Each structure stands twice: as structure tokens, then as C-alpha cells.
Amino acid sequence: MSKIEVKNVYKIFGDQPSKVLPMVQQGATKEEILDKTGHTVGLDNVSLSIEEGETFVCMGLSGSGKSTLIRHINRLIDPTAGEVLVEGTNVMDLDQKKLIEFRRHKMSMVFQRFGLFPHKTVMENVGYGLEVQGQKPEERNKTAMEKIEAVGLIGFEHQYPNQLSGGMQQRVGLARALATNTDIMLMDEAFSALDPLIRSDMQKQLINLQSELKKTIVFITHDLDESLRLGDHIGILNHGKLVQVGTPIEIIMKPADDYVAAFVKDVNRAKVIKAKIIMKPANSSDGIDKSNLVKVNEDQFIDEFLPKVVCSNANCEIVDKEGAVKGYITKKELSKALTKEHMADAAKSTK
Amino acid sequence: MKKYKTYLKYFIYLIIFAFVIIISYRSAKPRYKPEHYTDIFKDFSWLNDWPKWLDFPLMQPLNSGFDWLIAKYGIFFEGINFFLLGLYTSMKNSIVSLPWPLVIAAVILITYFASGRKTQTTVLVAFCTFFLGFLSPRYWDKCIMTTCIVVIGMLLCIAIGIPVGIAMARNKKVRNALLPILDLMQTIPSFCYLIPGILLFGLGAVPAIIAIFVYAVPPLIRLTDLGIRLVDKEVIEASEAFGASKKQTLWGVQIPLALPNIMQGINQCTMMSLAMVVIASMIGTRGIGDEVLLGLQQLNVGMATEAGIAIVLLAIIFDRITQSYGEKIQERTQPKKKIDL
């Protein structure tokens, strides 16, 4: 069973959404609906399933309905039609009391503009989820301090949010989401308001945290590089419709339509392709010069080890976490990987 | 379907309007009316001047309604009167009986702590307080009376205005119902409710307190409502996403963040109370306002101006204390200063 399942969800904003719903179901476009009825279509028949422990990235430009989608999962927004199942429970069946319990213990959320409480200190902010659960101050401050340490904000726990820089504020947001120790984390354009350097820093931090915690993360972004970097699976939304779901390689390789194709046109492949995808397996590595080798982890992206390889003029030895040799990469593999032709094979091999 | 509904609505309005006209015609005195109502459609001279029979009878029912109110619920108003008057008298008497330097010292202490230990504000307020008595020794006790009325009026405003403002912010229906009432409270001339105030509560401090409430509570309600609705939507969402109940969101997030606006409302409330207390002197409320009135009646420019200055000083004292308290809260909840990294 999938951790989160979204089944045929429609969301229409306006005075009488249920009356407009049949029109949308019959396939009227967003513009027609807006013209005829004055209603806005937020989501149009979206279905997807998210597995436990994976990072699912939902991508689309502004107005594509991605923030609306993520708010359906913890029911900050009610769908017009359709079902949202979390661990098999339909969130629409929950009454007010159960919904509150559900939000407290099942999932936490990180917001685009941080959503921090300006009148609370960093520690109080991080402990807020525990505070509403009714935990005692000593207990929740202890947990809060652990999480503050995990995001590297020790020493700032008694500051107020707007005394901190943007990146630090979002770390507080992240720590707050971690503090309740929920299985599911919803991240609504969590890094979009940060400048590029800090953003890539935060992405790294998230990847590190995720490799330890193995949470189910639903991540919203409008940045393709970010989605390729973080996502195990990526869903692309356009005008409220889910146009493609797939692994990063699939999205780059086989764009489902022109919209996705335009998106992935300028992708930096070196940032997306992992070593294990293009390596030559160890058992068919005859004829490779093994005198000058650089060790590379199988999960590293090409752009992380490429400079090393070029400078030392060496071949790569690909190892897994335990250090066992899995395969090799020579310049031939590298040059293939960074041109378009090779991508077809790569996509096939990952399937 | 939707169009049909709007037509129906207009039709109902039309019926009500016709009904009102018929009532006014029927209740008009016979000598103002034509002999038979069909004459209206034959002789059109009534189109020249406003006909005397086209007169909505509001005064009579209001008067009888008011009499009925006094007869039936007089004891209720008596109770309010007794409570407020008791509060006012005991407060006034205790402050008046204190030696004046002690009162000034108390004001200084209050200002010092309310403003978050700002010396400048404290010195300003101390001088203003001193000058109240310094202008004319007569003013000292009168200023205390005025202050007591304003403070009691304000407490009443806060006790009722803030909860009402919160209810308005949380419920659109409540807001739609209350907004016209607030408009009415602010625009209706003060004498219109000073007169029933006298009838219900007698002359003196209590009708002034009631008048202060009617006049000064709308801005507090409005600013409370606005303050709560202006709280960042994402912050509210964050609170909800972590499973806060409505009550937890209100007390833990919305009210603390709306506090600067609420404080502004209280400040406005104070200023309007002071304005009202002067008008209330015309219905015999004792206080610094009656000095202005006296000056006016005797065409004594100096006297009126002197009392006017005293009122301004009183206003400065109130304004500085409430304003600086608001700033202090704002500083505590949202420090602007960035830390050095």
C-alpha cells in the first residue's frame, strides 16, 4: 500500500464549485470555465501515489496548482471531488477532532515564506508542534534543542525569527517540522525564497537528513534543478493537470508533452545523472586502465566528481557505501552521458 | 434561477415600501389627508410641496417604546447605574483624598513601567501632570474626576470591544451584521444618546460613561477585527498544519500578533473618550469639561483656553502612556534589530 494516495482529485475555487464540476469532468479547459462561470480550476483529475520513504517532488510553474495539491494532503484545503488517502485513511472522513490529531501526529509542513511565529523565539517556534500537543515545556524544549542542533542553529535558540537571515529562518522551519517526528513531511516551495547559494546548502542538508531519517517527503518546487536533485519521483503539473510522473531520468529522457520538453530543454545533465547509472559494471571492465583511479560513491552526481577526474586525468572506480567495487567509468562513458544519444540507454537500464 | 431570486428580492422590498407608505397614510391626522384616498389620483396638487400625510410615524412609537423600556427594565438600568456610580465614586474619592505629590509620583511610576523604562516619555508625562494643577488649583480635582470617567469608560470598552472584535474577525456573518451598527454608533450625533442616557441613568457621571462607550468602542472593535484578520495567512496555516485547535490558534498566534493593532485601538478609544467627556459636561457631568463650558457661558476667553490647555495636557498623558505601552509590546513581540553574525 502506498503511503499517500491521491485519487481523481478535483478542486474548483468559486461560489458554487459542485455545479461547475461536471463541466470540468467533461473536459472543458481552465479558460472556458473561467469565462463561462467565473470559477477557477485548481486541480483537474489528479491521481498519484507516493511510496513510504521516498521524496516525491511536485513541480510546476506558479498557478499550476502545486501548492493547492499539497494542502489537500493535510486538508488545509478540502477537495471538490476525489479522495486523499494517507496510510489508507481517507482524510475527508476525519471529523474536526480526528483531523487535529491527524495533523499533530501524521505530518508536518514547511512553508515557502517560512510561516514562523514572529512573537516566539526560535526554540518556542521549533517546539510549537509539541506545544499544541500539550507537552510540558521542559520536555518540548529538550526535543526542540535536539532539532535546532540537527539543523545547525545552536546558539540562536533565544533569538526571534526576524532577527535571523532567510536561510536560518527556513532552518527553523525545517527544525519545527522535524520536532514532531512525523512520518510525512510536506514542503511547500520550502527553498524558493532563498538565494541560490543558501538554497543549494539547504538542499544538501535535506538530502543528508533524509538519508538518516527516511521520511516520506512531498516537496513542491518550480525549480527543475531542485526537483531533479531531490526527487525519487517527480510529478509535473500544468494548469491543474498532472502531465507526467516519473523518475528524474524518465522526465528528462521522455518528456510526455511539449510543456515538459520545454522544461527539461536546458537541464544540466551532469547534475542529474548518478554514477551508478552510467558506470560499466565491474564484471565487464576488461581493458580499462586501472593504474590511475579515483574512488567515487555510486550515488554521486557526475558534476560532483567530474572536476576531480578531469584534473587528475584518471578513471573512476565506483564503490557502494560499504566500499565494494561496483564498476568503472572512463572518459568514454562520461562523454556519452553528457550528450543526448546516451540518455535512451540510461533510461532503459533504470527501468 | 439566480436572476429569479434577485427579482423576488426586489419584489419583497417593493411590498415593504408600499406597506410603509400605507401605514404613514393611515396614521396621518385626518385634517392633513384628502377626503378619500382616491382623491390622490385625481388631484395632483400634493406633488408640489411634500404632503403632510406622507410622514412616517417614528417619533411616537419610539417615545412609547422608551417609556415601556423604563417601566419594564428600569431596575436593570438602575443596577448598571448603581454599579458604575459606585465604582466611579469610590475611585474618585480615593484618588482625591490622596496628597497631590503622591498622585504625581504614582503617574510617574505607571508611565515608567508601562513605557518600558523610557525616561523621555516619563519626564514629559510628569511635567504634564504637574501642569494640570499648576494651571489652576481648581483643575486638579476636576482632572481626577475626568480621568476616572475616562478610565471606567475605557475599561468598559475593552471588556466588550475586544471580544466583539474577535468575534467579528472570526465570523463573516457577525461582521456583516455589526458593521452597520458600528457606523451608526459613530455617526449618530452624541446628543441623541445623551438624552436617553439622562432618562435612564440620571445626570452625572454614568450617562457620560455610557456615551463614552457608544462613541469610543467602534474604533477599538474595528482595529481588533482588522488586527486579527491582518495576521499573515501563512502563519495561521502553519499553526493549523501542526494541529492547533481554533482556540490554540486564537490565543497562541492571532491575538499576540494582533496586539499592536489592538493597542492602537485602545489608544484611539482613550482619545475619543476624552473628547466625549467634554461634550458630556453639557449634561452636568462634573470634570474639567465643565470649566470649558463655564468659560463659554461667561464669554471668558482666558478661562476657556486655560481649561482647554488642561484637556490637551490630559490627552497627552493618556496618549503617551497607552502609545508607549503599545510600542513596548511591539518591540517585545517583533524585534526589528538583526543580530551580528
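Conventions used here
Residues numbered from 1 in each chain as written. Chains lettered and ligands numbered in written order. Predicted model: local features only at pLDDT ≥ 70, side-chain atom pairs only at ≥ 80, totals over all residues. Heavy atoms only, no water. Phe/Tyr/Trp six-rings, centres within 6.5 Å; stacked < 30°, edge-to-face > 60°. Contact = heavy atoms within 4.5 Å. Buried area = accessible area lost by both parts, 1.4 Å probe. Salt bridge = Lys/Arg side-chain N within 4 Å of Asp/Glu carboxyl O. Helix = DSSP H or I, 4+ residues; strand = E, 2+ residues; numbered from the N terminus. Nonpolar A, V, L, I, M, F, W, Y, C, P; charged D, E, K, R; others polar. Domains from an automatic or database assignment. Buried < 20%, exposed > 50% of the residue type's maximum accessible area, 1.4 Å probe, protein only. Pairing = 2+ DSSP bridges. Axes fitted to C-alpha atoms, helices over the stretch in contact; angles between N-to-C directions. 1 Å grid on protein atoms, 1.4 Å probe; cavity = no way out; pocket = protein on both sides within 12 Å on 5 of 7 lines; lining within 4 Å. Points joined across faces, edges and corners; volume = space filled by probe spheres on them.

## Description of the packing of aromatic side chains
Taken as a whole, this structure holds 13 aromatic pairs over all chains when the rule is applied. Members of the aromatic cluster, joined through ring pairs, are Trp100(B), Phe130(B), Phe131(B) and Phe134(B).

## Here we look at the interface of chain B and chain A
With 25 residues of chain B in contact, the opposing surface of chain A contributes 33 residues. When the two sides are added together, the surface that chain B and chain A hide from each other amounts to roughly 2,500 Å², 58% of it contributed by carbon and sulfur. Counting the contacts that link chain B with chain A gives two salt bridges. Note that Arg113(A) and Asp232(B) form a salt bridge whose closest N and O atoms lie 3.7 Å from each other. Taken together, the elements giving at least two residues each to the side of chain B that touches chain A come down to helix H10 (233-241), helix H11 (246-280) and helix H13 (301-333) of chain B. In terms of residues, the side of chain B that touches chain A owes the most to one element, H10(B), which gives seven residues. Across the side of chain B that touches chain A, the residue classes break down as 11 nonpolar, seven polar and seven charged.

## Digging into the domain arrangement of chain A
Domains assigned within chain A are domain 1 (4-106 + 182-267) and domain 2 (271-350). Placing a centre on the C-alpha atoms of domain 1 of chain A and another on those of domain 2 of chain A gives a separation of 33 Å.

## Remarks on the pattern of salt bridges
All names here are of chain A. Counting across every chain of the model gives 23 salt bridges over all chains. Between Asp-78 and Arg-75 there is a salt bridge, and its shortest N-O distance comes to 2.9 Å. When the shortest N-O distance is used, the salt bridge between Asp-223 and Arg-199 registers 2.8 Å. Of this pair, Asp-223 sits in the loop between strand E8 (216-221) and helix H10 (224-230) while Arg-199 sits in helix H9 (residues 196-213), placing them 24 residues apart in sequence. Just as Asp-223 is buried, Arg-199 falls in that class too. What emerges from the salt-bridge pattern is a single network uniting Lys-3, Glu-52, Glu-87, Lys-106 and Asp-183.

## Observations regarding the sheet that holds strand E4 (residues 81-86) of chain A
Residues and elements named next belong to chain A. Spatially, the four strands line up as an open sheet ordered E2-E1-E4-E5, and their pairing is antiparallel. Bordering the open sheet on either side are strand E2 (40-50) and strand E5 (89-90), each of which pairs with just one other strand. Of the strand pairs in this sheet, strand E1 (residues 4-13) and E2 are connected by seven bridges, and their pairing is antiparallel. When the sheet's bridge partners are listed, Glu-5 is paired in E2 with Ser-49. In the packing of helix H3 (residues 66-73) onto the sheet, contacts are made with E1, E2 and E4, and the angle to E1 comes to roughly 125 degrees.

## Observations concerning the sheet that holds E8(A)
Sheet strands line up and pair through hydrogen bonds in the backbone, either parallel or antiparallel. All names here are of chain A. Pairing within the open sheet is mixed, and its six strands lie in the order E6-E7-E8-E3-E9-E10. In this open sheet, the two edge strands, each paired with only one partner strand, are strand E6 (107-110) and strand E10 (241-246). The mean angle between the axes of side-by-side strands here comes to 15 degrees, regardless of whether they run parallel or antiparallel. Bridge count between E6 and strand E7 (residues 184-188): four bridges; the pairing is parallel. Bridging from a neighbouring strand, Val-110 pairs with Met-187 of E7. Sitting on the sheet, helix H8 (residues 166-179) touches E6 and E7, and the angle it makes with E6 is about 175 degrees.

## Points about the layout of surface pockets
Quantified by volume, the largest pocket comes out at close to 1,000 Å³. Elements supplying a minimum of two residues to the lining of the largest pocket: H9, H10, helix H11 (248-253), helix H13 (275-278) and helix H16 (342-350) of chain A. It is H9(A) that provides the largest number of residues to the lining of the largest pocket, a total of six residues. In terms of residue class, the lining of the largest pocket is made up of 10 nonpolar, 11 polar and nine charged. Residues from two domains meet in the lining of the largest pocket; each of domain 1 (4-106 + 182-267) and domain 2 (271-350) of chain A gives at least three. As a volume, the second largest pocket reaches approximately 800 Å³. Lining the second largest pocket are 19 residues, with Ile236(B), Glu240(B), Lys246(B), Thr249(B) and Gln254(B) sitting closest to its centre. Listing elements by their share of the lining of the second largest pocket, those giving two or more residues are helix H4 (96-105) of chain A together with helix H6 (137-170), helix H9 (205-230), H10 and H11 of chain B. The element that contributes the greatest number of residues to the lining of the second largest pocket is H10(B), accounting for four residues.

## Focus on the pairing of strand E9 (residues 233-238) of chain A
Residue and element names in this part refer to chain A. The buried fraction of E9 is high, at five of six residues. The pairing of strand E3 (residues 55-59) with E9 spans four bridges and is classified as parallel. Within E9, the position partnered with Phe-56 by the bridge is His-233. Sheet topology note: the E9/E10 ladder contains five bridges and is antiparallel. Among the inter-strand pairings, Asn-238 is bridged to a residue of E10, identified as Lys-241.

## Considering empty space enclosed by the protein
All names here are of chain A. Counted by the stated rule, this structure contains two cavities of 30 Å³ or more. Estimated volume of the largest cavity: approximately 50 Å³. Lining the largest cavity we find Val-6, Leu-48, Ile-50, Phe-56, Cys-58, Leu-69, Ile-70, Ile-73, Val-218 and Ile-220. Grouping the amino acids of the lining of the largest cavity by side-chain chemistry returns 10 nonpolar, no polar and no charged. If you add up the space inside the second largest cavity, you get close to 30 Å³. Taken together, Leu-178, Met-185, Leu-206, Leu-209, Gln-210, Leu-213, Lys-215 and Ile-217 form the lining of the second largest cavity. Counting residues per element, the lining of the second largest cavity draws most heavily on H9, which supplies four residues. Its residues assigned to classes, the lining of the second largest cavity comprises six nonpolar, one polar and one charged.

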